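Notes for the structure review
Chain by chain, the residues:
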Amino acid sequence: MADQLPAAPRLPAAQWTQRADLAELVAALGADNVRWVGGAVRDTVLGVDVHDIDAATPLEPQEVINRLDAIGVRTIPTGIDHGTITAIVSGSNVEITTLRHDVSTDGRRATVKYASDWRDDASRRDFTINALYAHPESLEISDYFGGLDDLENRRVRFIGDARQRIREDHLRILRYFRFQTRFGSRLD
């Protein structure tokens, strides 16, 4: 008998993952083209109420807009230069961002290039606990940098070199301390 791999972790049951408006959004974009990402995944794992829902997709912004327009979902190009649109759905707004990686940064703003790989997108995020992705149907979690272990150990850890991550965006140091007071128990 062949060795079996352990089952991938799954997002715990949560009311927001069962919303009809989000299911319609996922159907329009295609379930394999969407992952819930960041705070909604992190907070659900922790059993905390979710207030903001973010999604990532390999689809470019205009394709997202076209697909959502076809089902009558209004969109706002909130960060179109960085691949982000906001979908206005009945339960709340959902920020949908095209997978990307930073080409250059000035310490606050980045020039981005769209990507097609979920791990590439995860590697540009600030902290391991914010780089958790969940498939919208299977709820399987993709954790590329040990974010689930960091949540369990109450550790807020930068992805990669902390100094480099802060040079890319100076506000990350403030985010670090804000997240540290909420989720952490020891400094990175």
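Quick note: structure is the one above.
Here we summarise the structure given alongside this text. Everything numeric in this text was worked out from a predicted model, so none of it was measured.

1. Some words on the packing of aromatic side chains
On inspection of all chains with the given rule, the structure shows nine aromatic pairs. Taking 5.6 Å as the distance between ring centres and 70 degrees as the angle between the ring planes, the aromatic pair formed by Trp-16 and Trp-36 counts as edge-to-face. Of the two residues, Trp-16 sits in the segment before helix H1 (20-29) while Trp-36 sits in strand S1 (residues 35-37), which places them 20 residues apart along the sequence. Under the relative-accessibility criterion, Trp-16 is labelled buried at 8%.

2. Here we look at unusual backbone geometry
For Leu-139, which is not glycine, the phi torsion reads 65 degrees and is therefore positive. Structurally, Leu-139 can be placed in the loop between strand S8 (132-134) and strand S9 (141-143). The exposure class assigned to Leu-139 is buried, which follows from its relative accessible area of 16%. Even without glycine at this site, Arg-154 takes up a positive phi of about 55 degrees.

Conventions used here
- The residue count restarts for each chain, going from 1 along the sequence in the order it is written.
- With pLDDT at 70 or above as the cut-off, local features in this predicted model cover only qualifying residues; side-chain atom pairs require 80 or more to be listed or tallied, and sums for whole chains, interfaces and linings still use all residues.
- Working from all heavy atoms in the structure, the side-chain values ignore hydrogens and water.
- Centres within 6.5 Å are what make two rings of Phe, Tyr or Trp a pair, Trp counting through its six-membered ring; a difference in plane orientation under 30 degrees is then read as stacked, over 60 as edge-to-face, and the rest as tilted.
- By the criteria applied, helices consist of DSSP H or I runs no shorter than four residues and strands consist of E runs no shorter than two, each listed in order from the N terminus.
- Remark: exposure states derive from per-residue accessible area (1.4 Å probe, protein chains only) relative to the maximum for the residue type, with buried under 20%, exposed over 50%, and partly exposed in between.

Geometric descriptors of this kind do not, in isolation, establish any biological role.
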